[in-house]
Amino acid sequence: MTDAAELKRRTAELLAAHPPASTDRIDFLRARFDAGLAWVHYPEGLGGLGAPRSLQVVVDTELEAAGAPDNDPRRIGIGLGMAAPTILKYGTEDQKQRYLRPLWTGEEVWCQLFSEPGAGSDLAALGTRAVREGEDWVVNGQKVWTSSAHVARWAILIARTDPDVPKHAGITYFLCDMTDPGVEVRPLRQITGEAEFNEVFLTDVRIPDARRLGEVGDGWRVAQTTLNNERVAIGGMRLPRGGGMIGPVAKTWRERPELRTHDLHQRLLKLWVDAEVARLTGERLRQQLVAGQPGPEGAGMKLAFARLNQEISGLEVELRGEEGLLYDDWTMRRPELVDFVGRDAGYRYLRSKGNSIEGGTSEVLLNIVAERVLGLPSEPRTDKDVAWKDLAR
């Protein structure tokens, strides 16, 4: 069993062989992956050492102290938090070897082709079709709300391969090359003025069967791994005490005493406590992940994340008064990542409105918590045994 001392030794060897000050960034990240220090809980040969997940902080701390570069995790969050664990669980050995290393180093950015105009909250109703032609699948359809599609090389994609069975049963999971002919990405301008999201049109896109993940028709089960990891990645991110959205509000409160009122003070105290409870709950959830794959508990964290961000950003706008109504730049841009803390109060207020939609709507997540965590009776589903082709649309 690899322990903390062994990880420190291996990290020291990496730093000695590849000094961060004189080593190209990508070369250093590749060497770190090959040394098993990328994600230590992954298997040997795939960026890890089969060590406990809780020991990752040992490596990260040593490398940060040495000034080593990281892989810019916010920019490649979909790959790290969603694609990688799904490929690890369901991918072939060839797929793992091909995709995980450039995914972790950030050389290849990933996006998620799941939601559709007619299949958002009811994702299993998706209509994008994949039809088998020899060793290829020909895909036609439209996806929407796709973060990072404009910079992504690869996408995790679910498509309908059998319309004659109930909606959950006829879905297959693929890895789609975003540079292939027939893939068209169009920006979706948001309330912030930016186009961080995209819609993606797939027209006769040919995907080799070798890029299918899991069995034909088993895509819904494979997608659950992706979705559970997505919720943990969004709602359970590691933050320092006072980090996240509560940080800028508390900073303004300390530095601008003329803005304070008793009512705002009470609300800030409550939200500070809520944010700290959510942070500690997220830490406990990450510790539970050491025992295996994430479960439905991540839905609760994602729910709390959305509610807190919206309440905190609303309080910040009120606290700043007229200043809170200002907005820095409505220019149409296509950013590579979301920067809540690095922007102004107006941006945080507007962008947080999407938190209760992206990564699963809050309404759907409430159902997941009720049914899969609390064990309450499921809502009636009259379409459960109806073939997808016979569903009303």
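The structure we're discussing is the one just above.
Residues numbered from 1 in each chain as written. Predicted model: local features only at pLDDT ≥ 70, side-chain atom pairs only at ≥ 80, totals over all residues. Heavy atoms only, no water.

Asker: Quick question: what am I supposed to make of the overall build of the protein chain here?
Answerer: Within the protein chain, the regular secondary structure consists of 11 helices and eight strands. By principal-axis analysis of the C-alpha atoms, the protein chain measures approximately 70 × 55 × 45 Å. The buried share of the protein chain, taken over its 393 residues, is 51%. Counting only contacts in the protein chain whose residues sit at least 6 apart along the sequence, the fraction spanning at least 24 positions is 71%. With the model as given, the accessible surface of the protein chain reaches about 18,500 Å², and the carbon-plus-sulfur share is 53%. (Helix = DSSP H or I, 4+ residues; strand = E, 2+ residues; numbered from the N terminus. Buried < 20%, exposed > 50% of the residue type's maximum accessible area, 1.4 Å probe, protein only. Contact = heavy atoms within 4.5 Å. Areas by Shrake-Rupley, 256 points an atom, 1.4 Å probe, with all protein chains shown as cover.)

Asker: I'm lost on the environment of R206 in this one. Help?
Answerer: On the secondary structure map, R206 appears in strand β7 (residues 197–208). When its relative accessible area of 38% is taken as the criterion, R206 is described as partly exposed. Along the sequence, R206 and A345 sit 139 residues apart, while their C-alpha atoms lie 44 Å from each other. Other than its neighbours up to four places away in sequence, R206 contacts E133, D136, W137, V138, D180 and R211. A polar side-chain atom of R206 sits 3.2 Å from a polar atom in the side chain of E133. (Polar contact = N/O pair within 3.5 Å; in protein donor to acceptor, adjacent residues only side chain to side chain.)

Asker: Is there a simple way to think about the pattern of salt bridges in this case?
Answerer: Note that side chains of opposite charge can pair when their charged atoms are close. Under the definition given, this model contains 44 salt bridges. In this structure, D383 and K167 form a salt bridge, with 2.6 Å as the shortest nitrogen-oxygen distance. Placement of the pair is D383 in the segment after α11 (362–373) and K167 in the loop between β4 (154–160) and β5 (171–177), with a sequence separation of 216 residues. Linking E371 and R381 is a salt bridge whose minimum nitrogen-to-oxygen distance equals 3.3 Å. Here E371, found in helix α11, pairs with R381, found in the segment after α11; they are 10 residues apart in sequence, far enough to count as distant. A relative accessible area of 44% means that R381 is categorised as partly exposed. The network of salt bridges with shared partners includes R256, E258, E316, R320, E323 and R348. (Salt bridge = Lys/Arg side-chain N within 4 Å of Asp/Glu carboxyl O.)

Asker: Sorry, what's going on with helix α5 (residues 93–105) here?
Answerer: Taking 1.5 Å per residue, 13 residues should reach 18 Å; α5 reaches 19 Å between its end C-alpha atoms and fits that length. Of the surrounding elements, those touching the buried residues of α5 are α2 (25–34), α4 (77–90), β1 (110–113), β4, β5 and β8 (212–213). A positive backbone phi angle near 85 degrees is found at G106, which sits one or two residues after α5. (Expected span 1.5 Å × (residues − 1).)

Asker: What is the right way to look at the nonpolar core in this model?
Answerer: The tendency in soluble globular proteins is for nonpolar side chains to be buried side by side. Counting 55 residues, the largest nonpolar core has W39, W110, Y173 and M178 as its most contacted members. No other element matches the seven residues that α4 contributes to this core. Those residues in contact with Y173, other than ones at most four positions away along the chain, are T86, F114, I156, L157, I158, R211, R212, L213, G219, V222, A223 and T226. (Core = buried A, V, L, I, M, F, W, Y, C linked by side-chain atoms within 4.5 Å.)

Asker: In this structure, what is going on with the environment of G79? I would like to understand it.
Answerer: Within the secondary structure layout, G79 lies in helix α4. Relative accessible area serves as the criterion here: at 3%, G79 is assigned to the buried category. Along the backbone, G79 and R351 are 272 residues apart, and their C-alpha atoms lie at a distance of 22 Å. If near-sequence neighbours (up to four positions away) are discounted, G79 is found in contact with A84, P85, L103 and W110.

Asker: I would appreciate a short explanation of the packing of α2 against α5 in the present structure.
Answerer: When two helices pack together, their arrangement is given by the angle between the helix axes and by the axis-to-axis distance. Interaxial distance between α2 and α5 falls to 9 Å at its minimum, and their mutual angle equals 130 degrees. In this view, α2 runs oblique relative to α5, as classed from their interaxial angle. Once α2 is placed against α5, the crossing between them reads as right-handed. Contact residues: I26, L29, R30, R32, F33 and D34 in α2; L100, R101, W104 and T105 in α5. (Axes fitted to C-alpha atoms, helices over the stretch in contact; angles between N-to-C directions. Parallel < 35°, antiparallel > 145°, perpendicular 65-115°, else oblique. Left-handed = near helix turned anticlockwise from the far one by under 90°.)

Asker: Any chance you could explain the packing of helix α1 (residues 4–17) against helix α3 (residues 56–65) here in plain terms?
Answerer: Packing of α1 against α3 brings their axes to within 9 Å, and their N-to-C directions diverge by 35 degrees. The crossing of α1 and α3 is right-handed. Listed contacts from α3 to A4, L7, K8, T11, L14 and L15 of α1 are V58, V59, E62 and L63. Grouping the constituent residues of the contact of α1 with α3 by class yields seven nonpolar, one polar and two charged. (Nonpolar A, V, L, I, M, F, W, Y, C, P; charged D, E, K, R; others polar.)

Asker: Looking at this structure, how should I read unusual backbone geometry?
Answerer: With the exception of glycine, the majority of residues adopt a negative phi angle, and the majority of peptide bonds are in the trans configuration. At S148, a residue that is not glycine, the phi angle is positive and equals roughly 70 degrees. Looking at the element boundaries, S148 is found in the loop between β3 (136–143) and β4. On the accessibility criterion, S148 (10% relative accessible area) is buried. Even without being glycine, D204 reaches a positive phi, approximately 50 degrees. Residue placement: D204 occurs in strand β7. Residue classification places D204 among the partly exposed positions, given a relative accessible area of 48%.

Asker: Honestly, the side chain of E116 in this entry has me stumped. Any pointers?
Answerer: Here E116 is to be found in the loop between β1 and β2 (129–133). By relative accessible area, E116 is classed as buried at 9%. Here K143 takes part through its side chain, which lies 2.9 Å from a polar atom of the side chain of E116.

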